[in-house]
Amino acid sequence: MAKCDEGYRCDVCGGDVTSIVDSDLYLRFVAGLIPAEELHLHPERHLRCNAVLSQYIEDPRFEPVFVEGDFDRRLMDFNQVQDSVRLFTQAYRRLWEILETPIRDITQYPLSTHEA
C-alpha cells in the first residue's frame, strides 16, 4: 500500500491520527514551523503524544497537558511561555476553523504573519 493510502500514523503511539484537530504535524505547519513543501518529511503525532508542544494550547476544546521535568512550561521564562501559548493556541483554533469550514488550498492553512 502506498504511504498516502495508509493515512497518518502517530510516530509515538502508532495509532491513526484521524482528525486535523488532533494533529501535531498540522499544528506545527499552521504555526509556521514547517513549510508546505516539507510536510511529507516530518513525523506525525497526536497532539497529546507531543506534550512538550501541546502544553501551550489553552482552549476549552483541549484538555490541558502538563509536562514534568526540564520542559515544563511552569519552569520557563514567563514571556517566552506567553509567546508560545499565543502561537500554539491560535494555531489550534485555526485547525478548528479548517475542520469546520474546509479549505482545499493547503497554502491557506498557516496563520498569517499578523496572527502569529
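Residues numbered from 1 in each chain as written. Predicted model: local features only at pLDDT ≥ 70, side-chain atom pairs only at ≥ 80, totals over all residues. Heavy atoms only, no water.

S.K.: Please give an account of the pattern of salt bridges that cites residues and values.
M.R.: As enumerated under the stated definition, the model contains 10 salt bridges in all. Among the salt bridges present, the one from D24 reaches R28, with a minimum N-O distance of 2.9 Å. Placement of the pair is D24 and R28 together in helix 2 (residues 24-30), with a separation of 4 residues, close to one helical turn. Residue D24 is classed as buried on the basis of its relative accessible area, which comes to 0%. Across the salt bridge formed by R74 and D72, the nearest N and O atoms sit 2.7 Å from each other. In this structure D72 comes out as buried when scored by relative accessible area, which is 6%. Salt bridges linked by common partners bring D24, R28 and R45 together as one network. (Salt bridge = Lys/Arg side-chain N within 4 Å of Asp/Glu carboxyl O. Helix = DSSP H or I, 4+ residues; strand = E, 2+ residues; numbered from the N terminus. Buried < 20%, exposed > 50% of the residue type's maximum accessible area, 1.4 Å probe, protein only.)

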